[in-house]
Amino acid sequence: MKFGIVFFPTVGPSDKPADQYFDEALRLVDLAEELGFEHVKMVEHYFFPYGGYSPDPVTFLAAAAGRTRRVRLGTSATIPAFQHPVKLAGKLAMLDNISGGRVDAAFGRAFLPDEFKAFGVPIDESKDRFTEGVAAIKRLWTEEAVEFDGAFHRFGPVTLLPRPVQRPHPPVFVTTARSAESCAEAGRAGHHLQTVPNVMSTEELQHRLAVYRSQWAASGREPGTEQIHFSYPCVVAEDDGEARRKGRLDDARNSAAIHEAVAAWGTTRSEAYPGYEKLVEATRTSHFDSKMEQGKLLIGAPEQVREQLERIAGWFGDDITISLGVHSGHLSFEDAATTMRLMAQEVLPKLNGAQA
């Protein structure tokens, strides 16, 4: 296993000012570099405490690039439906140059009706816009005098500057939460996979990974060269009771934030998002104890978290990469730093096959 850090703020001005949150997050980036973690990532969301402090992950990652030399920088994920592909391809290529070729580019469809409404984008078009946007961006990274004639964007001939440092282009990840078909399509296209185990059962996720891996191999790619990234909320403390107390608080605040953000699904229906109307009730009835029992959270003293990770490896394999959600903003900077230090110094050295 490899391990990195993902930032997903779920705070607003009444909880913590944005400048304070970003100061803390960037100090944690410094710590990730120091402790040897593999990557840092930042999400893209808008308007709500659920991720709303990060409307542009590239801006944050550019700041992170300027204070690091080794750690990889990942979008988690950026949304092609909300940006012109020439703009997004250029921003990511510029970041790849600033960082010396350390970008991992994850793309997602988005799923919040209010975000689509604000951008004036029909939610039913999300999949087609995603597919077209990623295809356009990859062409802009790898070709010259690109002429593109899509359903949503037409441009060219365009030669993107700057060219990405990584060849043929930065690693491309597809972020998917609930769709087995999205996993299959990612495997067929040769895209790496990024997902959140919290939103499905262990059996469902095992099935999705099997589909993804089989399609990756069936498309002629060498098995084992695919990258699979999972994200888990993580709180580690020397005392198990203290970690669970803080983890329970953080989970409650995170659940409240997503419940508010998905409220529009109570009156929204889309064939592109079957079953998403159930999110409102699912987020309302989310319980910390059941998540712990189901292995959806990494919370506890070092020994307990090591056991949790070994169980995850048994379910999904030890070749996955785990992004640790250490700082949603509700706990202190010191709590997040303690989690990272204990993971790097007490958990990972005792975990078979693990590396930061």
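Below you will find a few notes about this structure. (Residues numbered from 1 in each chain as written. Predicted model: local features only at pLDDT ≥ 70, side-chain atom pairs only at ≥ 80, totals over all residues. Heavy atoms only, no water.)

## Here's the deal with the nonpolar core
Nonpolar side chains in soluble globular proteins tend to be buried together.
Here is step 1: Membership of the largest hydrophobic core comes to 78 residues, with the highest contact counts inside it found for Phe37 and Met343.
Here is step 2: Ranked by size, the runner-up nonpolar core spans 19 residues in total, among them Ala110, Phe116, Val121 and Ala261. (Core = buried A, V, L, I, M, F, W, Y, C linked by side-chain atoms within 4.5 Å. Buried < 20%, exposed > 50% of the residue type's maximum accessible area, 1.4 Å probe, protein only.)

## Overview of the pattern of salt bridges
Pairing of side chains with opposite charge becomes possible as their charged atoms draw close.
Here is step 1: Taken as a whole and judged by the stated rule, the model has 20 salt bridges.
Here is step 2: Here Lys127 ties to Glu185 by a salt bridge, and the two come within 3.0 Å at their closest N and O atoms. Of this pair, Lys127 sits in helix 5 (residues 126-142) while Glu185 sits in helix 6 (residues 180-189), placing them 58 residues apart in sequence.
Here is step 3: Taking the relative accessible area as the measure of exposure, Glu185 reaches 29% and is therefore partly exposed.
Here is step 4: Arg213 serves as the salt-bridge partner of Glu226, at 3.8 Å between the closest nitrogen and oxygen. Here Glu226 is found in the loop between helix 7 (202-218) and strand 9 (228-236), whereas its partner Arg213 is found in helix 7, with 13 residues between them in sequence.
Here is step 5: For Arg213, a relative accessible area of 24% puts it in the partly exposed group. (Salt bridge = Lys/Arg side-chain N within 4 Å of Asp/Glu carboxyl O. Helix = DSSP H or I, 4+ residues; strand = E, 2+ residues; numbered from the N terminus.)

## Details of the packing of helix 1 (residues 18-35) against helix 12 (residues 333-347)
Here is step 1: Packing of helix 1 against helix 12 leaves a shortest axis separation of 10 Å and a crossing angle of 15°. Considered as vectors, helix 1 and helix 12 are oriented roughly parallel to each other. Pair helix 1 / helix 12 crosses with right-handed handedness. Contacts between helix 1 and helix 12 involve Glu24, Arg27, Leu28, Leu31, Ala32 and Leu35 from the former and Phe333, Ala336, Ala337, Met340, Arg341, Ala344 and Gln345 from the latter.
Here is step 2: Of the residues in the contact of helix 1 with helix 12, the class split is 9 nonpolar, 1 polar and 3 charged. (Axes fitted to C-alpha atoms, helices over the stretch in contact; angles between N-to-C directions. Parallel < 35°, antiparallel > 145°, perpendicular 65-115°, else oblique. Left-handed = near helix turned anticlockwise from the far one by under 90°. Contact = heavy atoms within 4.5 Å. Nonpolar A, V, L, I, M, F, W, Y, C, P; charged D, E, K, R; others polar.)

## A few points about the packing of aromatic side chains
Here is step 1: One pass over the full model with this rule turns up 22 aromatic pairs.
Here is step 2: Look at Tyr46 and Phe119: their rings are 5.0 Å apart centre to centre, the planes differ by 75°, and that puts the pair in the edge-to-face class. Placement of the pair is Tyr46 in the loop between strand 2 (39-42) and helix 2 (57-65) and Phe119 in helix 4 (residues 113-119), with a sequence separation of 73 residues.
Here is step 3: For Tyr46, a relative accessible area of 11% gives the class buried. (Phe/Tyr/Trp six-rings, centres within 6.5 Å; stacked < 30°, edge-to-face > 60°.)

Everything listed here is a matter of coordinates, which is why it stays silent on function.
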